[in-house]
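A structural walkthrough
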Amino acid sequence: MKRIQIFFLIATFFSLLTTQAQCDLFFSEYAEGTSNNKYLEIFNPTNADISLDDYAFPSVSNAPTTPGVHEYWNTFTVGAIVPAGGLYIIAHGSADASILALADQTHTYLSNGDDGYQLVFGTELSHVVIDHIGDFMGDPGTGWDVAGTTNATQDHVLIRKSTVTQGNTDWASSAGTDVASS
């Protein structure tokens, strides 16, 4: 009986650590600018570096083949780390030099405003969604509305409020209907 209890305590402790890791990172900024001036910014609000080896940023292009399911499994550079209190930036490889100078990784297929992204922890077959930009439910047209701005994910920079401390798996509540509710 004691072995089962000890195993349960160890499994519970590991689960709490894993859950904590899953909640630490989130998208802090998103840019879809003219031409290829696009990037995703991930923030680590903790006081410890976080390895991205167990994370990914899956996506859909326009309307997904299967609503709710990613079409592309995008991984981070092996060994990539988001420093404590720092950022990790994924930029389009042909972005302006000022964006590329800050980029940690390039990715050719960043959004034109109507492609959804997730930040996830785990593998392609078994992962937990941590955060969303857009959704994987269907083609939004030219972009999703955010904070009362039509097509805000196209030709705009979206910056998370400083009061946000973790990702949100409910895109509609993240987007909100006005500045106060987004």
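One structure accompanies this document, and this report is about it. As the structure is a prediction and not an experimental result, all values here were calculated from the model. The residue numbers shown here count from 1 along each chain, following its written sequence. Restriction of local features to residues with pLDDT of at least 70 applies here, the model being predicted, together with a cutoff of 80 or more for giving and counting side-chain atom pairs; totals for whole chains, interfaces and linings are based on all residues. Water and hydrogen atoms play no part in the side-chain values, which are based on all heavy atoms of the structure.

1. Considering the packing of aromatic side chains
For any pair of aromatic rings, geometry is given as the distance between the ring centres together with the angle between the planes. Under the pairing criterion, centres of Phe, Tyr and Trp rings, with the six-membered ring standing for Trp, must be within 6.5 Å; the plane angle then separates stacked pairs below 30 degrees from edge-to-face pairs above 60, leaving the rest tilted. Enumeration over the complete set of coordinates arrives at six aromatic pairs. With centroids separated by 6.3 Å and ring planes inclined at 70°, the aromatic side chains of W144 and W171 adopt a geometry described as edge-to-face. Separated by 27 residues along the polypeptide, W144 in the loop between β9 (127-133) and β10 (156-159) and W171 in helix α3 (residues 171-175) bring together distant segments of the chain. Taken individually, W144 and W171 each receive the classification buried, so the pair is uniform in this respect. Through a chain of ring-to-ring contacts, three or more aromatic side chains come together here, namely F57, F76, Y88 and Y117. Numbering of helices and strands runs from the N terminus, with a helix taken as a DSSP run of H or I at least four residues long and a strand as a DSSP run of E at least two residues long. Buried, partly exposed and exposed residues are distinguished by accessible area as a fraction of the type maximum, computed with a 1.4 Å probe on protein chains only: under 20%, between the cut-offs, and over 50%, respectively.

2. Notes on the environment of D49
If you trace the backbone, D49 turns up in the loop between β2 (38-43) and β3 (50-51). Through-space distance from the C-alpha of D49 to that of V82 is 5.8 Å; in sequence the pair is 33 residues apart. What makes two residues a contact is simply this: any of their non-hydrogen atoms within 4.5 Å. Not counting the four nearest positions on each side in its chain, D49 is found in contact with N44, I81, V82, P83 and A84. A polar contact is formed between the side chain of D49 and the backbone nitrogen of A84, at a distance of 2.9 Å. By the criterion applied in these results, polar contacts are pairs of N or O atoms within 3.5 Å in which, for protein atoms, one can donate a hydrogen and the other can accept it, and in which residues neighboring in sequence qualify only through two side-chain atoms.

3. Considerations on the sheet that holds strand β6 (residues 87-91)
For sheets, the rule is that strands pair by backbone hydrogen bonds, running either parallel or antiparallel. With respect to topology, five strands assemble into an open sheet ordered β7-β6-β2-β1-β10, the strand pairing being mixed. Both edges of this open sheet fall to β7 (105-106) and β10, since each of them pairs with a single strand only. Here the rule is simple: two strands pair whenever DSSP picks up at least two bridges between them. Relative to β10, strand β1 (residues 26-32) runs antiparallel, the two sharing four bridges. Considered in β10, the bridge of E29 is made with I159.

4. Topic: the pattern of salt bridges
Salt bridge, as used here: a side-chain nitrogen of Lys or Arg that lies within 4 Å of a carboxyl oxygen of Asp or Glu. Summed over all chains, the structure comprises two salt bridges. The closest approach of N and O atoms between E32 and K38, which form a salt bridge, is 2.8 Å. Comparing E32 with K38, the two get one shared label, buried. The salt bridge involving R160 is made with D131; its shortest N-O contact spans 2.8 Å. Here R160, found in the loop between β10 and α3, pairs with D131, found in strand β9; they are 29 residues apart in sequence, far enough to count as distant. Judged on exposure class, the residue R160 and its partner D131 are both buried.

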